[in-house]
Amino acid sequence: MYVDAYAFGFQAEPTDLDRALVAARRGVEFDRTNQFGLVSLAQTYFFRQDLAAFRAAAERAMALNPLNTDALGILGLLIVHTGEFERGGAIVRHAMELNPDHAGWMHFGPIWEHFHKREYERALDHANRVDIPGLFWPYLVVASACGHLGRRSEAEAAVRDLLAIDPEFAAHARSNIESWHFASGLLEPLLDGLRKAGLST
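These notes cover the structure that comes with them.

1. Some details on the environment of N34
At step 1: Inspection of the secondary structure assignment puts N34 in the loop between α2 (16-30) and α3 (35-47).
At step 2: The sequence separation of N34 and A61 amounts to 27 residues, and the corresponding C-alpha distance is 8.3 Å.

Written out as C-alpha cells, the structure is:
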C-alpha cells in the first residue's frame, strides 16, 4: 500500500518508501519463499531507485514461480522501466500469453517498448487495449504518440481527456512521469510528445 501510494500519487507521504522498505523486508524475513513478499520488495527498491537491489529481488521473485503471471507482469514492466525494453517486454508478453485474461495494465510493457523504438502506431494499438477507467496513462500515451505522429486532432482530444481526469495535470506531468521513467530514457520523449499535442509542460 505504501508503494502504491507513492507510485500512483494517492496522498503520498514523504516517508512512504521508507515504510514500504521496512514492511517488505519484514515480509521476506518471515517467509523467504513467499513470491508476493519478494515482488513487494523488488517494487520498493525500484521506486527508491536502487536498481541493483531491484534486479536481485526481481530475479529471485520470478524464479520462485515462473508461472505466476501477475508477478511476471509486474516485474517485467518494471524491468522495461529500467531501460531493458526487449527483455522486460518479453517477460510481460510471456505473462500475457500464459494468461489470455491478463490485466489491461500489462499492455504498458509493449507500449513502452514500441515508444522507445518510435513505433508510435504500435504503441497506440496497445494503449487502446488498456481499458482502465480513470487512469491517466493511456491518455498520456495517446496524446504523446499522436503528438509525435502529427495527428493533431487525436492528440488534442487525448489532452482533453487527461485534463478531465486532472485539470492540473500539466503542472505535475513531469513528476508523474519521472516517478516511473527515471531510468527508461522516455521522460523527455513523452514530454516532447505532450508539448506537440498542445499541453504546456
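2. Remarks on the side chain of S179
At step 1: As for its placement among the helices and strands, S179 is situated in helix α11 (residues 169-181).
At step 2: A residue is classified by how much of its surface remains accessible, and S179, at 12% relative accessible area, is buried.
At step 3: Setting aside residues no more than four positions away along its own chain, S179 makes contact with Y6, A7, F46 and F47.

3. A word on the packing of aromatic side chains
At step 1: For the structure on display, the rule yields 12 aromatic pairs.
At step 2: Judged by centre distance (5.0 Å) and plane angle (45°), the rings of F46 and F182 are tilted. You can see F46 sitting in helix α3 and its partner F182 sitting in the loop between α11 and α12 (187-196), a full 136 residues away along the chain.
At step 3: For F46, a relative accessible area of 0% translates into the label buried.
At step 4: Classification of F182 by relative accessible area gives partly exposed; the value is 22%.
At step 5: Ring centres 5.0 Å apart and planes at 75° place the aromatic pair F115 and Y120 in the edge-to-face group.
At step 6: Residue class for F115 comes out buried when judged on its relative accessible area of 2%.
At step 7: One aromatic cluster in this structure is built from Y6, F8, F46, F47, F54, W180 and F182.

4. A word on the pattern of salt bridges
At step 1: Under the criterion given, the structure shown has 12 salt bridges.
At step 2: The residue D18 makes a salt bridge to R48 at a minimum N-O spacing of 2.9 Å. A residue pair is termed long-range when its members are at least 10 positions apart, and D18 in helix α2 and R48 in the loop between α3 and α4 (51-64) qualify at 30 residues.
At step 3: Relative accessible area serves as the criterion here: at 36%, R48 is assigned to the partly exposed category.
At step 4: Among the ionic pairs, R93 bridges to E113, the shortest N-O distance being 3.2 Å. Taken together, the residues span a long stretch of sequence, with R93 in helix α6 (residues 85-98) and E113 in helix α7 (residues 108-116) at a distance of 20 residues.
At step 5: Looking at E113, the relative accessible area reads 8%, which means it is buried.

5. A closer look at the packing of helix α9 (residues 136-149) against helix α10 (residues 152-165)
At step 1: In contact at an axis separation of 8 Å, α9 and α10 are set at 155° when each is read in the N-to-C sense. Judged by the inter-axis angle, α9 sits roughly antiparallel to α10. α9 and α10 meet at a crossing whose hand is left-handed. Packed against α9, whose contacting residues are F136, Y139, L140, V142, A143, C146 and G147, the element α10 presents E154, A155, A158, V159, D161, L162 and I165 at the interface.

6. Some remarks on the nonpolar core
Within soluble globular proteins, side chains that are nonpolar tend to cluster in buried spots.
At step 1: Within the largest apolar cluster, 68 residues are counted, with the highest numbers of intra-cluster contacts made by F54, F108, W112, W137, L140 and L194.
At step 2: Every residue in contact with L194, bar those within four places of it in the chain, is listed here: L140, A143, S144, L162, F169, I177, L199 and T201.

What counts, and where the lines are drawn
Residues numbered from 1 in each chain as written. Predicted model: local features only at pLDDT ≥ 70, side-chain atom pairs only at ≥ 80, totals over all residues. Heavy atoms only, no water. Helix = DSSP H or I, 4+ residues; strand = E, 2+ residues; numbered from the N terminus. Buried < 20%, exposed > 50% of the residue type's maximum accessible area, 1.4 Å probe, protein only. Contact = heavy atoms within 4.5 Å. Phe/Tyr/Trp six-rings, centres within 6.5 Å; stacked < 30°, edge-to-face > 60°. Salt bridge = Lys/Arg side-chain N within 4 Å of Asp/Glu carboxyl O. Axes fitted to C-alpha atoms, helices over the stretch in contact; angles between N-to-C directions. Parallel < 35°, antiparallel > 145°, perpendicular 65-115°, else oblique. Left-handed = near helix turned anticlockwise from the far one by under 90°. Core = buried A, V, L, I, M, F, W, Y, C linked by side-chain atoms within 4.5 Å.

What is shown is where atoms sit, not what they do.
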